[in-house]
Amino acid sequence: MARFRGRKQRSPLQAEAQRRALWRWKNRERLERRRQWNRQQAAQWALLRSLCPTKASRTRLLRLVGRMTGEDRGARESALAELELATLLIRTGFRVEILGESHAKSADLACRMGAGCVYVEVTALVGSFRRPPPPFHARQRRLEANESEAEHEVLLSRLSARISQKAAQLSQYAAPVVLAASVPHPDPAERDFRRGQRWTIDLKQAAAALTLLLARLPGLSAVLVTLWDIDPLPARSTLRLANVHIVERSKQQAAYPRVRMLIVNPTARHPLADDEAAGLRRLL
């Protein structure tokens, strides 16, 4: 007759020791990922420093290091986005120059391909994209509403406001201007992401709304939108715009942004050349 050995019960001390060992292992894994990411940033910074011989560019690179290691999350995410975008532009064939800082608001990068020059401004949108909680008397109606649509509206309104603000600041250039807007990883302290929730957006509806916005901003030649922790909503429309190029990746590719979207302004005062537009499409 076969014998079955009963499962041995763990003591509270053994359970606590196992929990602490698992926590230490996860902490080591997290530190190793952070160390690898820092090495990647250092390699990108060294590449840019070797390709930017001017004194103003190197001074700007040194200030980028200070912003990346500072306490201001907005400045840190903007510096990280600028470093990554400059590296990608170099890999796609652009000759990138990091512009020095001045008292007047100016672009961050000057990118040349052939005889033309494209100025690129990099910005990052940080913070929560959820609306404040409703009052008590409207709470029931809000619970019946679709929260994903509310998040889409808030994110789209913030993107539109930032694009309009940057377009007014960069109106002095007599050359193509590209605005690169990045929505980085969320702050782990945010309450919504502690529950594992992610922001959502309808990509086709957002692209159509931003195209209509760019029609009123002829100073911008294109907008490059980078979305990291975003869940795209199912598209409600089959309409595809010729001036919009979207690349979407799966959740498993955590080292890359979930969505990159290039929206070319069809009414730009200084439109992109064919090779410049092709280079930006390769960047996606």
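Remember, it's a predicted structure, so these values are computed and weren't measured experimentally.

Focus on the overall build of the protein chain
Next up, step 1: Secondary structure assignment for the protein chain yields 8 helices and 9 strands.
Next up, step 2: Buried residues in the protein chain amount to 42% of all 284 residues.
Next up, step 3: Taking contacts inside the protein chain between residues at least 6 apart in sequence as the whole, the part at least 24 apart equals 69%.
Next up, step 4: Summed over its atoms, the accessible surface of the protein chain is roughly 17,000 Å², and 55% of this surface lies on carbon and sulfur atoms.

Here we look at the sheet that holds strand β4 (residues 177-183)
Next up, step 1: One open sheet holds the 7 strands; their spatial order is β1-β2-β3-β4-β6-β9-β8, and the pairing between them is mixed. Here the strands that pair on one side only, and so sit at the sheet edges, are β1 (95-98) and β8 (244-248). The average angle at which neighbouring strand axes cross in this sheet is 20°, direction not considered.
Next up, step 2: By the bridge criterion, 4 bridges tie β1 to strand β2 (residues 109-113) in an arrangement that is antiparallel.

A short note on the confidence of the model for the protein chain
Next up, step 1: In the predicted model, the protein chain carries a mean pLDDT of 79, and 78% of its residues have values of at least 70.
Next up, step 2: Taken as a whole, residues 191-195 scores under 50 in pLDDT and shows 9 contacts with residues more than four places along the chain or in a different chain.

Side note on the environment of Ala 180
Next up, step 1: Tracing the sequence through the fold places Ala 180 in strand β4.
Next up, step 2: Judged by its relative accessible area of 7%, Ala 180 falls in the buried class.
Next up, step 3: When near neighbours in sequence (up to four residues on either side) are disregarded, Ala 180 contacts Leu 85, Val 120, Glu 121, Val 122, Thr 123 and Leu 224.

A look at the pattern of salt bridges
Next up, step 1: On inspection of all chains with the given rule, the structure shows 8 salt bridges.
Next up, step 2: Note that Glu 82 and Arg 60 form a salt bridge whose closest N and O atoms lie 3.4 Å from each other. Of this pair, Glu 82 sits in helix α3 (residues 73-91) while Arg 60 sits in helix α2 (residues 55-68), placing them 22 residues apart in sequence.
Next up, step 3: Classification of Arg 60 as buried rests on a relative accessible area of 5%.

Section: helix α7 (residues 203-214)
Next up, step 1: Taking 1.5 Å of rise per residue, 12 residues should cover 16 Å, and α7 covers 16 Å from first to last C-alpha, within 8% of that figure.
Next up, step 2: For α7, the set of buried residues is Leu 203, Ala 206, Ala 207, Leu 210, Thr 211, Leu 213 and Leu 214. Buried positions in α7, seen along its axis, are confined to an arc of 160° and lie on one side of it.
Next up, step 3: Capping the start of α7 is the job of one residue whose side-chain oxygen sits 3.4 Å from the backbone nitrogen of Lys 204: Asp 202.

Let's talk about the environment of Val 178
Next up, step 1: In this structure, Val 178 sits in strand β4.
Next up, step 2: Separated by 43 residues in the primary sequence, Val 178 and Ser 221 have C-alpha atoms spaced 5.7 Å apart.
Next up, step 3: Residues within four places of Val 178 in sequence aside, it is in contact with Val 118, Tyr 119, Val 120, Glu 121, Ala 222, Leu 272 and Leu 280.

The rules we used
- Residues numbered from 1 in each chain as written.
- Predicted model: local features only at pLDDT ≥ 70, side-chain atom pairs only at ≥ 80, totals over all residues.
- Heavy atoms only, no water.
- Helix = DSSP H or I, 4+ residues; strand = E, 2+ residues; numbered from the N terminus.
- Buried < 20%, exposed > 50% of the residue type's maximum accessible area, 1.4 Å probe, protein only.
- Contact = heavy atoms within 4.5 Å.
- Areas by Shrake-Rupley, 256 points an atom, 1.4 Å probe, with all protein chains shown as cover.
- Pairing = 2+ DSSP bridges.
- Axes fitted to C-alpha atoms, helices over the stretch in contact; angles between N-to-C directions.
- pLDDT = per-residue confidence, 0-100.
- Salt bridge = Lys/Arg side-chain N within 4 Å of Asp/Glu carboxyl O.
- Expected span 1.5 Å × (residues − 1).
- Arc of directions from axis to C-beta.
- Polar contact = N/O pair within 3.5 Å; in protein donor to acceptor, adjacent residues only side chain to side chain.

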